[in-house]
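Residue strings, one per chain:
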Amino acid sequence: MSVKENLQLIQENIAEVCRKTNRDPSEIKIIAVTKYVSTETAQSAIAAGIEHIGENRDNGLNQKWEIIGEHAVWHFIGTLQTRKVKNIIDKVDYIHSLDRLSLAEEINKRAKNIIKCFVQVNAANEESKQGLSVDEVVPFIENLKDFPLIKVVGLMTMAPFIEDEGVLRETFSKVKKLQKDVQALNLPYAPCEELSMGMSNDYKIAIEEGATMIRIGTSLVGKEF
Ligand SMILES: *Cc1c(COP(=O)(O)O)cnc(C)c1O
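Residues numbered from 1 in each chain as written. Predicted model: local features only at pLDDT ≥ 70, side-chain atom pairs only at ≥ 80, totals over all residues. Heavy atoms only, no water.

## Some remarks on the UniProt feature "domain: Alanine racemase N-terminal" (unreviewed entry) in the chain
When the UniProt feature table is mapped onto this chain, "domain: Alanine racemase N-terminal" (unreviewed entry) is found at residues 6–222. Note that residues 6–222 is 41% helix and 18% strand, and that its end C-alpha atoms are spaced 9 Å apart. (UniProt positions renumbered as here; feature names shortened; annotations may be inferred. Helix = DSSP H or I, 4+ residues; strand = E, 2+ residues; numbered from the N terminus.)

Printed below as a string of structure tokens:
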């Protein structure tokens, strides 16, 4: 199937979940994750109507950014090493993987304008995953007050890579609840209105549980390498 057909199918699925849960489909943004595909394929996603592009490596982001530049909104979605911040900071609109103060400090130091960040939550407490545990998130966000160029627009999570719907749902709903706790802090730098959750295999459940940005790679643009 073409990227355009894949996108149509995903949009139909979003519409159906939204009908079921009384949500407005315009609340949900699709980030095309292009880490496994060429710049050309990323461009075909943009031609099909995609506005948001997600990359998880500084190299991949830079390669595509050189060609696509301002024609997309750029999301950095992967583990971000502190020393690599300078390579991406002028190109990204959003960083989805803020999980430590040393990274916040470096982003704040290198940024020329306010950077929209998601605090990454390891909601299922998996060894293999980056992110703060649920209990660490509120104190961490309180500590971000010292970094004026960081705005916490939301929380990001990756659910365990399993098919058990109950576990997926529980993971996402934990993060939704945590979002409410953060919003209750009423911090001007942490409106936390967005939830970045849901990938190819679990985005419908993520939307049912409150996702506002879904990060879709394989089932939208495929896998070329
Ligand atoms: C690769 C990746 C995705 C997309 O995964 P798919 O299963 O291919 O949709 C989403 N989020 C993050 C953080 C990723 O690294």
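## Here's the deal with the pattern of salt bridges
Under the definition given, this model contains 13 salt bridges. With its nearest N and O atoms 2.9 Å apart, the salt bridge here joins Glu27 to Arg23. Between Glu209 and Arg169 there is a salt bridge, with the nearest N and O atoms lying 2.8 Å from each other. Here the residue Glu209 occupies a position in the loop between α8 (203–208) and β8 (213–216), and Arg169 occupies one in helix α7 (residues 165–184), the gap between them amounting to 40 residues. Shared partners join several salt bridges into a network, and the residues in it are Lys20, Glu165, Arg169, Glu208 and Glu209. (Salt bridge = Lys/Arg side-chain N within 4 Å of Asp/Glu carboxyl O.)

## Quick notes on the site of the ligand
Within the structure, the ligand sits among Val33, Lys35, Ile77, Met156, Met158, Met199, Ser200, Arg215, Ile216, Gly217 and Thr218. The side chain of Ser200 places a nitrogen or oxygen atom 2.6 Å from an oxygen atom of the ligand. Within the backbone of Gly217, a nitrogen or oxygen atom sits 2.8 Å from an oxygen atom of the ligand. Relative to its unbound accessible area of 390 Å², the ligand is 90% covered by the protein chains. The cavity that encloses the ligand is the largest pocket. Looking at the shell around the ligand residue by residue, the class counts come to six nonpolar, three polar and two charged. (Near = heavy atom within 4 Å. Polar contact = N/O pair within 3.5 Å; in protein donor to acceptor, adjacent residues only side chain to side chain. Areas by Shrake-Rupley, 256 points an atom, 1.4 Å probe, with all protein chains shown as cover. 1 Å grid on protein atoms, 1.4 Å probe; cavity = no way out; pocket = protein on both sides within 12 Å on 5 of 7 lines; lining within 4 Å. Sits in = over half its atoms within 2 Å of the grid points. Nonpolar A, V, L, I, M, F, W, Y, C, P; charged D, E, K, R; others polar.)

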